[in-house]
Amino acid sequence: MVGGKGTRLRPLTVHTPKPMVPAAGVPFLTHQLARARAAGVEHIVLATSYLAEVFEPYFGDGAALGLHIEYVTEEEPLGTGGAIRNVASRLHSGPDEPVLIFNGDILTGLDIRALVRTHETTGADVSLHLTKVTDPRAYGLVPTDDTGRVLAFLEKPQTPEEIVTDQINAGAYVFRRSVIDTIPAGRVVSVERETFPGLLTAGAHLQGMVDSTYWLDLGTPAAFVRGSADLVLGRAPSPAVPGRCGDRLVLPTATVAPDAKLAGGTVVGEGAFVAEGARVFGSTILPGAVIEPGAVITDSLIGTRARVGEHTVLTGTVIGDGAVVGPRNELREGARVWCDATIPAGALRFSSDQ
């Protein structure tokens, strides 16, 4: 499912759909597709909507990844359940065979084969990847019994009484093929709020499998930057990282000055330039961006063809495509500079300029 607008990630998603924003040097979706292929998946259907025209020119028929990829575009967004139903005609599985479904914004070390085995051995109608989190308030809780059978779906609880488990819906499912045909066609359907609770009410068997390996929802800029760094550092597994895991990943056509310092899983994209004396930690520099001398960038993402001026300091910041941040600025956590914006020299600071 790759149709979302990625509004929480803007301005990264102004020109690029969320699954196509580069993480560790390639569009994030590449990592998901490569992990699916490594688990034995051969046929992929991408459910697209927002900026749908971007996907096929990049992935084509999927042959380069050892896959057969098809594309289905929603004319109007149909929600998570509606997106699943909308691709039903392209699925090759028989009525009782499994269909794997992934949210297009989750970075995970999930054992995909184990999830399918759980689905088959328990005879479930739907199986869900569950993970445990410290603060579950932003997620959908999924309590289970001692056998892993799902008991309820509790969307984004807020009071202590509502938080009955630390298990959350981790965004990967196995459906019995025939179950997909029961989802209403041609309208907005939420799989979390409508399909799953409805199946439970109808007596269907929904099975949870807790897999507490690496898991990260890439919905916010800070999470996306962290996910990219974790891929480079080898903390998050992916066969699609274009190079050896380590402290930094510099794409072949990028240029980095000999005395520039890159660390913490930093990525320097194709055609980007990092000048002398610059220090970049745990950040993503997208293709064609320019980092001028002495700039200090931490936990930030610099958009395609953006420019960061001399001795500018960025921490936890997103710079949109084509934006220019002039010399001697200082931007801190949560700042987002929109695409093609220009910030003059010394215009924004959080501390004295002395």
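Residues numbered from 1 in each chain as written. Predicted model: local features only at pLDDT ≥ 70, side-chain atom pairs only at ≥ 80, totals over all residues. Heavy atoms only, no water.

The name an unreviewed UniProt entry gives the protein is GDP-mannose pyrophosphorylase, with Streptomyces caelestis as the organism. Taken from UniProt, the Sequence similarities (unreviewed entry) comment for the protein reads in full: "Belongs to the transferase hexapeptide repeat family." (UniProt positions renumbered as here; feature names shortened; annotations may be inferred.)

> Please clarify how the pattern of salt bridges should be interpreted in this entry.
Enumeration according to the criterion identifies 13 salt bridges in this entry. Residue Arg226 pairs with Asp230 through a salt bridge whose shortest N-O separation is 3.7 Å. In this pair, Arg226 and Asp230 are both assigned in helix α7 (residues 221-233), four residues apart and thus about one turn of the helix distant. Arg226 gets classed as partly exposed once you look at its relative accessible area, which sits at 47%. Among the residues examined, Asp230 registers a relative accessible area of 6% and is labelled buried. Connected through shared salt-bridge partners, Asp96, Asp125 and Arg176 make up one network. (Salt bridge = Lys/Arg side-chain N within 4 Å of Asp/Glu carboxyl O. Helix = DSSP H or I, 4+ residues; strand = E, 2+ residues; numbered from the N terminus. Buried < 20%, exposed > 50% of the residue type's maximum accessible area, 1.4 Å probe, protein only.)

> Is there a simple way to explain the UniProt feature "domain: Nucleotidyl transferase" (unreviewed entry) in the protein in this structure?
Those places that UniProt annotates as "domain: Nucleotidyl transferase" (unreviewed entry) correspond, in this numbering, to residues 1-230. With 26% helix and 23% strand, the stretch residues 1-230 has end C-alpha atoms that lie 23 Å from each other.

> Please explain the packing of aromatic side chains as it appears in this structure.
Given two aromatic rings, their pairing is described by the distance between the two centres and the angle made by the two planes. Overall, the coordinates contain seven aromatic pairs when judged by the stated rule. Seen in terms of ring centroids, Tyr173 and Phe175 are 6.4 Å apart; in terms of plane orientation they differ by 80 degrees. Their pairing is edge-to-face. The exposure class assigned to Tyr173 is buried, which follows from its relative accessible area of 0%. Exposure remark for Phe175: the relative accessible area of 0% places this residue in the buried category. Ring pairs connect the aromatic residues Phe153, Tyr173, Phe175 and Phe196, which therefore count as one cluster. (Phe/Tyr/Trp six-rings, centres within 6.5 Å; stacked < 30°, edge-to-face > 60°.)

> Would you mind going over the environment of Pro136 with me for this structure?
Locating Pro136 in the fold gives a position in the loop between β7 (126-132) and β8 (140-141). The exposure class assigned to Pro136 is buried, which follows from its relative accessible area of 5%. As for Pro136 and Ala152, which are separated by 16 residues in sequence, their C-alpha atoms are 15 Å apart.

> Would you explain unusual backbone geometry in this entry?
What you tend to see is this: most non-glycine residues have negative phi, and most peptide bonds are trans. For the bond running from Arg10 to Pro11, omega is 15 degrees, close enough to zero to count as cis. Tracing the backbone shows Pro11 in the segment before β1 (22-23). Phi at Asp340 is positive, roughly 65 degrees, even though this residue is not glycine.

> Explanation requested: the sheet that holds strand β27 (residues 330-331) in the structure shown.
Two orientations exist for strands paired in a sheet by backbone hydrogen bonds: parallel and antiparallel. Overall, parallel pairing links the five strands, which are arranged β15-β18-β21-β24-β27 in an open sheet. The open sheet has two free edges, formed respectively by β15 (261-263) and β27, since each of these has just one partner strand. Pairing geometry for strand β24 (residues 313-315) and β27, over two bridges, is parallel. Considered in β27, the bridge of Val313 is made with Glu330. (Pairing = 2+ DSSP bridges.)

> Can you walk me through the nonpolar core in this structure?
When a protein is soluble and globular, its nonpolar side chains tend to lie buried together. Val126, Leu128, Phe175, Ile180, Phe196 and Leu206 are the most contacted members of the largest nonpolar core, which has 27 residues in total. Elements with a minimum of two residues in this core: β3 (43-48), α3 (79-86), β5 (98-102), β7, β10 (167-176), α5 (177-180) and α6 (191-201). Of all hydrophobic cores here, the second largest spans 24 residues; its members include Ala278, Ala289, Val325 and Leu331. (Core = buried A, V, L, I, M, F, W, Y, C linked by side-chain atoms within 4.5 Å.)

> For this particular structure, what's the right way to read the sheet that holds strand β23 (residues 307-308)?
Strand order in this open sheet of six strands is β14-β17-β20-β23-β26-β29, and the pairing throughout is parallel. With partners counted over all chains shown, the strands left at the sheet margins are β14 (255-256) and β29 (342-343), one partner each. In the sheet, strand β17 (residues 273-274) pairs with strand β20 (residues 290-291) via two bridges, with the strands oriented parallel. If you follow Val274 over to β20, its bridge partner there is Ile291.

> I keep staring at the environment of Pro242 and nothing clicks. Help me out?
Tracing the sequence through the fold places Pro242 in the loop between α7 and β13 (248-250). Overall, Pro242 belongs to the partly exposed group, its relative accessible area being 38%. Spatially, the C-alpha atoms of Pro242 and Val188 are 38 Å apart, while their sequence positions differ by 54 residues. Residues in contact with Pro242, not counting those within four places in the same chain, are Ala24, Gly25, Val26, Leu249 and Leu251. (Contact = heavy atoms within 4.5 Å.)

> Please explain the packing of α3 against α6 as it appears in this structure.
For any two helices packed against each other, one specifies the crossing angle of their axes together with the interaxial distance. For the pair α3 and α6, interaxial distance at closest approach is 7 Å and the crossing angle is 70 degrees. Taken together, the axes of α3 and α6 lie roughly perpendicular to each other. Across the interface between the two elements, Thr80, Gly81 and Ile84 from α3 touch Val191, Glu192 and Thr195 from α6. Counted by class, the contact of α3 with α6 contains two nonpolar, three polar and one charged residues. (Axes fitted to C-alpha atoms, helices over the stretch in contact; angles between N-to-C directions. Parallel < 35°, antiparallel > 145°, perpendicular 65-115°, else oblique. Nonpolar A, V, L, I, M, F, W, Y, C, P; charged D, E, K, R; others polar.)

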